[in-house]
There are 6 protein chains.
Amino acid sequence: MYIRTDQRKPDELRPISITRNWQTAGESSVLVSFGQTKVLCTGTFEKDVPVWMKGSGKGWVTAEYEMLPRATSDRNKRESRKGNISGRTHEISRLIARSLRAAVDLEKLGERQIIVDCDVLQADGGTRCAAITGGWLALKDCLQWAADNNFLSSVNDVLINQVAAVSVGILHNTPILDLPYEEDSKAETDMNIVMTAKSEFVEIQGTAEGVTFNRAELDELLRLGETGCQELFSIQNSS
Amino acid sequence: MYIRTDQRKPDELRPISITRNWQTAGESSVLVSFGQTKVLCTGTFEKDVPVWMKGSGKGWVTAEYEMLPRATSDRNKRESRKGNISGRTHEISRLIARSLRAAVDLEKLGERQIIVDCDVLQADGGTRCAAITGGWLALKDCLQWAADNNFLSSVNDVLINQVAAVSVGILHNTPILDLPYEEDSKAETDMNIVMTAKSEFVEIQGTAEGVTFNRAELDELLRLGETGCQELFSIQNSS
Amino acid sequence: MYIRTDQRKPDELRPISITRNWQTAGESSVLVSFGQTKVLCTGTFEKDVPVWMKGSGKGWVTAEYEMLPRATSDRNKRESRKGNISGRTHEISRLIARSLRAAVDLEKLGERQIIVDCDVLQADGGTRCAAITGGWLALKDCLQWAADNNFLSSVNDVLINQVAAVSVGILHNTPILDLPYEEDSKAETDMNIVMTAKSEFVEIQGTAEGVTFNRAELDELLRLGETGCQELFSIQNSS
Amino acid sequence: MYIRTDQRKPDELRPISITRNWQTAGESSVLVSFGQTKVLCTGTFEKDVPVWMKGSGKGWVTAEYEMLPRATSDRNKRESRKGNISGRTHEISRLIARSLRAAVDLEKLGERQIIVDCDVLQADGGTRCAAITGGWLALKDCLQWAADNNFLSSVNDVLINQVAAVSVGILHNTPILDLPYEEDSKAETDMNIVMTAKSEFVEIQGTAEGVTFNRAELDELLRLGETGCQELFSIQNSS
Amino acid sequence: MYIRTDQRKPDELRPISITRNWQTAGESSVLVSFGQTKVLCTGTFEKDVPVWMKGSGKGWVTAEYEMLPRATSDRNKRESRKGNISGRTHEISRLIARSLRAAVDLEKLGERQIIVDCDVLQADGGTRCAAITGGWLALKDCLQWAADNNFLSSVNDVLINQVAAVSVGILHNTPILDLPYEEDSKAETDMNIVMTAKSEFVEIQGTAEGVTFNRAELDELLRLGETGCQELFSIQNSS
Amino acid sequence: MYIRTDQRKPDELRPISITRNWQTAGESSVLVSFGQTKVLCTGTFEKDVPVWMKGSGKGWVTAEYEMLPRATSDRNKRESRKGNISGRTHEISRLIARSLRAAVDLEKLGERQIIVDCDVLQADGGTRCAAITGGWLALKDCLQWAADNNFLSSVNDVLINQVAAVSVGILHNTPILDLPYEEDSKAETDMNIVMTAKSEFVEIQGTAEGVTFNRAELDELLRLGETGCQELFSIQNSS
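All of these numbers come straight from a predicted model, not from anything done at the bench.

Student: Help me out: how do you make sense of the interface of chain A and chain B in this one?
Tutor: Size of an interface: often given as the accessible area lost when the parts come together. Contacts between the two partners involve 29 residues from chain A and, on the opposite side, 29 residues from chain B. Taken together, both faces of the contact between chain A and chain B bury some 2,800 Å²; the carbon and sulfur share is 47%. Of all residues in chain A, the largest losses of buried area upon contact with chain B belong to Glu91(A), Phe201(A) and Thr212(A), amounting jointly to 20% of the total for that side. The interface formed by chain A and chain B includes 4 salt bridges. For the salt bridge of Glu91(A) with Arg94(B), the shortest nitrogen-to-oxygen distance reads 2.7 Å. On inspection of chain A and its partner chain B, the count reaches 16 residue pairs in polar contact (both at pLDDT 80 or more). Only helix H2 (87-101), strand S9 (201-208) and helix H7 (215-238) of chain A provide two or more residues apiece to the side of chain A that touches chain B. For the side of chain A that touches chain B, the leading source of residues is S9(A), giving 8 residues.

Student: I keep staring at the environment of Glu79(A) and nothing clicks. Help me out?
Tutor: Note on placement: Glu79(A) falls in helix H1 (residues 79-82). Separated by 11 residues in sequence, Glu79(A) and Leu68(A) have C-alpha atoms that sit 9.4 Å apart. Look past the residues within four positions of Glu79(A) in its chain and what remains in contact with it is Glu66(A), Asn84(A), Ile85(A), Ser86(A), Thr89(A) and Ser80(F). Among the polar contacts listed, one links the side chain of Glu79(A) to the side chain of Ser86(A), at a separation of 2.9 Å.

Student: Would you take a moment to explain the relation of the copies chain A and chain B for this structure?
Tutor: Expressed as a screw transformation, the operator carrying chain A onto chain B has a rotation angle of 180 degrees and an axial translation of 0.0 Å, and the superposed copies differ by an RMSD of 0.0 Å. Within this description, the copies of the chain are treated as partners about a two-fold rotation axis. The C-alpha atom lying nearest the rotation axis in chain A is that of Gln205(A); the distance is 2.2 Å. Interface overlap between copies: 100% of the residues of chain A at the interface are likewise at the interface in chain B, consistent with a symmetric, same-surface contact.

Student: Would you mind showing me how to read the interface of chain A and chain F here?
Tutor: The partner chain F presents 34 residues to the 34 residues of chain A that form the contact. Regarding the contact of chain A and chain F, the summed buried area is about 3,000 Å², with carbon and sulfur atoms giving 43% of it. When residues of chain A are sorted by the area they lose upon contact with chain F, Arg70(A), Arg75(A) and Arg81(A) head the list and together hold 23% of the total. Taken together, the links from chain A to chain F amount to 16 salt bridges. Across the pair Arg70(A) and Glu27(F) runs a salt bridge, and its minimum N-O distance is 2.8 Å.

Student: Teacher, can you tell me more about H2(A) here?
Tutor: In an α-helix there are 3.6 residues to a turn, and that puts residues three or four apart on one side. Here H2(A) is 15 residues long and its end C-alpha atoms lie 21 Å apart, about the 21 Å a rise of 1.5 Å per residue gives. With 13 of 15 residues buried, H2(A) lies mostly within the body of the structure.

Student: Where do I start with the pairing of strand S9 (residues 201-208) of chain E in this structure?
Tutor: Within a regular strand, the side chains alternate between the two sheet faces. Most of S9(E) is tucked away, with 8 of its 8 residues classed as buried. Examined bridge by bridge, strand S8 (residues 189-196) of chain E and S9(E) share 7 bridges and lie antiparallel to one another. Its bridge partner being in S9(E), Asn192(E) is matched across the sheet by Gln205(E). Counting the residues between successive antiparallel strands, the hairpin from S8(E) to S9(E) contains 4 residues, one of them, Ser199(E), with a positive phi of roughly 65 degrees. Bridge count for S9(E) against strand S9 (residues 201-208) of chain F is 5 bridges, and the pairing is antiparallel. Bridged to Gly206(E) within S9(F) is Ile204(F).

Student: Could you clarify how one ought to interpret the sheet that holds strand S7 (residues 174-177) of chain C in this entry?
Tutor: One key point about sheets: their strands pair by backbone hydrogen bonds, in either a parallel or an antiparallel sense. Reading across the sheet, the 8 strands line up as S7(C)-S6(C)-S8(C)-S9(C)-S9(D)-S8(D)-S6(D)-S7(D) and stay open at both edges, with antiparallel pairing between neighbours. Of all the strands in the sheet, just S7 of chain C together with strand S7 (174-177) of chain D have a single pairing partner and so form its edges. With direction set aside, neighbouring strand axes in the sheet form an average angle of 15 degrees. Contacts from helix H2 (residues 87-101) of chain D reach strand S9 (201-208) of chain C together with strand S6 (163-171), strand S8 (189-196) and strand S9 (201-208) of chain D, with the element oriented near 155 degrees to S9(D). The strands touched by helix H4 (residues 127-148) of chain D within the sheet are S6, S8 and S9 of chain D, with S6(D) carrying the most contacts at an inclination of about 165 degrees.

Student: Sorry if this is basic, but what is going on with the sheet that holds strand S4 (residues 60-67) of chain E here?
Tutor: Residues and elements named next belong to chain E. Pairing within the open sheet is mixed, and its 5 strands lie in the order S1-S2-S3-S5-S4. Only two strands of the sheet have a single neighbouring strand rather than two, namely strand S1 (16-20) and S4. Strand-to-strand, the axes of this sheet are offset by a mean angle of 15 degrees, without reference to chain direction. In this structure, S1 lies alongside strand S2 (residues 28-34), joined through 5 bridges in antiparallel fashion. Bridge assignment links Arg20 to a residue of S2, and that residue is Val30.

Student: Sorry, what's going on with helix H4 (residues 127-148) of chain A here?
Tutor: All names here are of chain A. Compared with the 32 Å implied by 1.5 Å per residue over 22 residues, the 31 Å span of H4 between its first and last C-alpha is a close match. In terms of burial, H4 is largely enclosed, as 18 of its 22 residues are buried. Of the residues flanking the end of H4, it is Asn150, one or two places downstream, whose phi is positive at about 65 degrees.

Student: Quick question: what am I supposed to make of the relation of the copies chain A and chain F here?
Tutor: Two copies of a chain can be linked by a rotation about an axis combined with a shift along that same axis. Screw-axis analysis of chain A against chain F gives a translation of 0.0 Å along the axis, an RMSD of 0.0 Å, and a rotation angle of 180 degrees. Residue by residue, 100% of the interface of chain A is reproduced at the interface of chain F, so both copies engage with the same surface.

Student: Sorry, what's going on with the packing of aromatic side chains here?
Tutor: Aromatic ring pairs are described here by two measures, namely the spacing of the ring centres and the angle between the planes. Counted under the stated rule, the structure contains 33 aromatic pairs over all chains. Within the aromatic cluster, the residues linked to one another by ring pairs are Phe45(A), Trp145(A) and Phe151(A). Note that Lys38(B) overlies the ring of Trp22(C), its terminal NZ or CZ placed 4.1 Å from the centroid.

Student: Explain empty space enclosed by the protein here, please?
Tutor: Over the atoms, a rolling probe the size of a water molecule traces out where space has been left empty. Following the criterion strictly, the structure yields 5 cavities of 30 Å³ or more and no others. Every residue along the wall of the largest cavity is listed here: Gln23(A), Leu40(A), Thr42(A), Asp117(A), Asp119(A), Leu68(F), Pro69(F), Arg70(F), Ala71(F) and Leu121(F). When residues of the lining of the largest cavity are traced back to their parent elements, those giving at least two are strand S3 (37-46) and strand S5 (113-122) of chain A. Residues that form the lining of the largest cavity fall into these classes: 5 nonpolar, 2 polar and 3 charged.

Student: Can you help me understand the packing of helix H2 (residues 87-101) of chain F against helix H4 (residues 127-148) of chain F in this one?
Tutor: Helices that pack against each other are described as a pair by the angle of their axes relative to one another and the distance between those axes. All names here are of chain F. Their axes nearest at 10 Å, the elements H2 and H4 cross at an angle of 40 degrees. By the criterion of interaxial angle, the relationship of H2 to H4 is oblique. Viewed along their axes, H2 and H4 form a crossing whose handedness is right-handed. On the side of H2, the interface is formed by Arg88, Ile92, Leu95, Ile96, Ser99 and Leu100, while H4 contributes Thr127, Arg128, Ala131, Ile132, Gly135, Trp136 and Leu139. When the residues that make up the contact of H2 with H4 are grouped by side-chain class, the tally is 8 nonpolar, 3 polar and 2 charged.

Scoring rules and cut-offs
Residues numbered from 1 in each chain as written. Chains lettered and ligands numbered in written order. Predicted model: local features only at pLDDT ≥ 70, side-chain atom pairs only at ≥ 80, totals over all residues. Heavy atoms only, no water. Contact = heavy atoms within 4.5 Å. Buried area = accessible area lost by both parts, 1.4 Å probe. Salt bridge = Lys/Arg side-chain N within 4 Å of Asp/Glu carboxyl O. Polar contact = N/O pair within 3.5 Å; in protein donor to acceptor, adjacent residues only side chain to side chain. Helix = DSSP H or I, 4+ residues; strand = E, 2+ residues; numbered from the N terminus. Least-squares fit on C-alpha atoms with pLDDT ≥ 70 in both. Expected span 1.5 Å × (residues − 1). Buried < 20%, exposed > 50% of the residue type's maximum accessible area, 1.4 Å probe, protein only. Pairing = 2+ DSSP bridges. Axes fitted to C-alpha atoms, helices over the stretch in contact; angles between N-to-C directions. Phe/Tyr/Trp six-rings, centres within 6.5 Å; stacked < 30°, edge-to-face > 60°. Lys NZ or Arg CZ within 6 Å of the ring centre and 35° of its normal. 1 Å grid on protein atoms, 1.4 Å probe; cavity = no way out; pocket = protein on both sides within 12 Å on 5 of 7 lines; lining within 4 Å. Points joined across faces, edges and corners; volume = space filled by probe spheres on them. Nonpolar A, V, L, I, M, F, W, Y, C, P; charged D, E, K, R; others polar. Parallel < 35°, antiparallel > 145°, perpendicular 65-115°, else oblique. Left-handed = near helix turned anticlockwise from the far one by under 90°.

Next comes the structure, spelled out in structure tokens:
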């Protein structure tokens, strides 16, 4: 049977840490770590929605993800200097945004926008899941700021779901939870699961590059994901 | 119970048509329709792999997806004139590429590259699934071209999986198969399922914008997707 | 004397085919073939003119030309991924737009815009001429759509010219009509002629790369061009 | 009959001035004026051809055209700051390059490249024609520099044609030569004619925006163009 | 002791020439030479300020610097074709703009904008200083144009400082004034000094690449700079 | 006399903190704070120099500066999404790079490159100075890493200067040290001073927007800058 390099059990998360109010800039600021992965999530509250939503009566939540050039063991060229953002950056930003929107009643938010910036300071696998998990707290704290400043009457009306995310995968035929880069880069299947605290699904993205997976494996991955998310909800709540 | 606008049963595909050798440019050319959705898939065989794979002994399969500006009921600005491709275009191109790579033994392909261009001539929902389903045939025909021209000794060694894709979703609480734009734009949950003819999964991408979905719903969506894919495999085989 | 590879006479067009209403997206949709060259022309009617024309009381007609990456025997990188459109694409788009504007009384059109998208599905020489010839029908059908939908009182007031285009050239000292890629790439002189059904000129673009041409040759090229355009007008009319 | 604002006869050029060696940077430097239009043409000799021509045994001549932002009565945003060059700039650069290549025997040039930069310091109509006429001298002087520095054995072998260009047009039904901006902007037809001193054609680009032109008018425009070019050849020769 | 290649004394300027009204396009046009360095400075007067300043009651002065591709002994690729402007171009444009703003009382200017375009026709060191020195005259003449056309009641109220700039540096341990490219490229320290006619500083930008400089050297550089600027003020005044 | 909002004396630095090895990614990682300004400096060691330096026998040191979008009290659009980096970002990156190169004997470094990434996590004035001061330690630790891994025989040979930077300015006629954003945005004069521990100058960049400064004020600013840098050297040494 496959023994993980850091001795974790297959269904064990890495050490998770969440620091709220890490900085003073931003309506909210959350530093989240999943092991060596470190993401700074910052909430911005805007009194207006983007032009294309004006007059809809509804609010908007969006997110932008980006990695510092030396977040990884090899340095990546800055996307700002390449002149455009990569498909991967686009894709992850969109995933985080959709996941956070699932937490909010946009009609109750009214014509305001919340932007959650997720900047990866250090990357060791699972950055998008850390960003969603920390980003949800940045979103919550940003809504609280808006309530404290009389832009919202109540956070509870607007924040309808608690959201967290975790990666699962299959390595050496073993389904495992929360893969660091070393495992992620060798996994036969890689899946990101975004859930609510009510155990409903927000997003499932599973990919088999090379080795396809069958229904039994999928079921086990979904079980692991649910376990991991439940643990993350309780860490969010105690942070 | 929800009655579909085109009277289809929940588990019924739209009329599918696949025309091979639709054009003479390209090593292969497949025009695929899922109802009003029409995608032109063209295979290009290159004798070399991209620079970053040189010397690896392995081949590469990639794909590029794009929509004509007036494929849709409203005209979209051309991405070439906007100066960069959108997150959506990036994301779908990457999904198609990963799905097609799952069909190929890259080591057996050797240091060659196959590019499958998927240009959406008309879009009415499910364009990425039509592109994967038609693209797999463009891939197969391109490999056949390579075998006929002595770049490969056999297609069967290289083409290890038959791949197709279909969209499923939940609308008015009813799980349904192969959504046209009108249903897709209102669906509570939207999922794309990419499978092999051996009933294994290549990709699962499920998204809930607004209404989350539970495990029972997920199970039904997976069942519908498998049904749809099986039908697509038989259409691919008889085309 | 020079014998053409496809046995055509010097003043003979390739087989021309024009299919109106090829797709349902777009106010009009025309698929035009000049031999192996295949262009999809789609008309879009917009109720407003571009910002810089607001208040002028006049309408606008524009066009955008682009080739699919594998329209040609070698694959071209997508312009959307290169980040900008080439000089050639710019130049041809502008030529088509000017040619189609010559067909329309912009004052009678009023403050509306028509965009004709010309996407080359397969390229074998003469793509810009096919685009103008098919684009004129897409323009006409788009105006008819506007009349049918009460945006215009009459097509005849607005559409003041019938326009078509054909390429001519000199190869092995022989003036010839409607050159496929194989002839075009070796021609000493290459000329595109855009005319009206009244035998007046809209555009003449003649280029000598390497071998210059004299007045007698120019006269013969103009004669060939007029012959070809007359034939195209009758094909447009019967399509 | 139409009287030109500057009292010129229909077939009369504006005052032309050509200054060779206007600057010391560049292998050659020519400042050319057609009336108030002023273009700085600079020749660069490169010992290599572009990558795509390596090994062909042939040389290359190219040109780049651009306008200073306040060359015109209204200021234009710099193309460098807009992030790409316009279709017009592309189109004119390509025209100048083709015209200058017609002057050179690329095989005799051998694997070297000449770049002629044409920067419009002030624009009052006819900038592309001034650029070709001045650019030909910059090309000639650049070849002379190459001969003087032993990169070529002789200029005469390589420079096989003398090239100049002039604009003609129809205004108030009157064919006229060398239009300043005021006439150009109102002309019914606008044509640029590039010729050799042997009275052969290099390029003809005639455009009718609004009013089409017939064969008799075309013949008169060609006659005016030839007259103008002959005069420009003698000015080039005496500069 | 170090003898300068052009025999100048350490505190001697190159021959300076300033031609006002060099062109007719532009509200003002100044051609300035510092030795072989030649910069065309053109003033544009706009009746509005940029959007971000609307309603402030204040005006704005900005500047754009760019070099022709063959201003230098080696040809540089055009920034318009590279798709963005370099850090150097940005930096110098900003320096010129700040320097010229120091000459103007923006409140008295009112909500108007002046743009000074500084295009380097030939570069032999000190281009930014020539641009500031010539640009100040283009600014002054542009204000005069505005007064003559009743957009301003008086130039003197608005133009509160006379500004000029010069480069100084240390080469072979010798502080020198107004370095041509040959000296500039070898200098141990390079400094640009922008001053007013009242001997106050507008900008000091000193850089040591390789050899740092001490306080005594700095003092001598400041003295040389002041000497040079005083001479430039008198040349501006007599031009 | 002007009393600073945070009660500091005119020549007093804000609280400075420097944390080495803040992250494990990167050959070195330094988190530096000047008050609320927080910059993450990361060193990357590359075994090769950029292409244009190959064969020179010399090494290269460069730096890239960028701000997170919500480092400031208002959110800035990401430069990666705008498609290019601003003039300000370019300018500061170049300043940091020149300053750090002054610390290194490039010949002794040999053909290797060090990249120091300076990412501003929170911005409250003086970000470029914090980046240089922290970046010098990231540079030093990166050289130490290279020595520890046998790419260099000794750090001392290569690291020839200790470098730090501080901002000074004049506010309400009072010269002050180390300005936070609130003071910086209102200052009459703003100057950045980069020095070595031997009290020599590396860079001086002084700017007067609106109010020019005289020689006596300049002398006082230089004195304050030297005081501040001396203190920073001792903080660097004890970190």
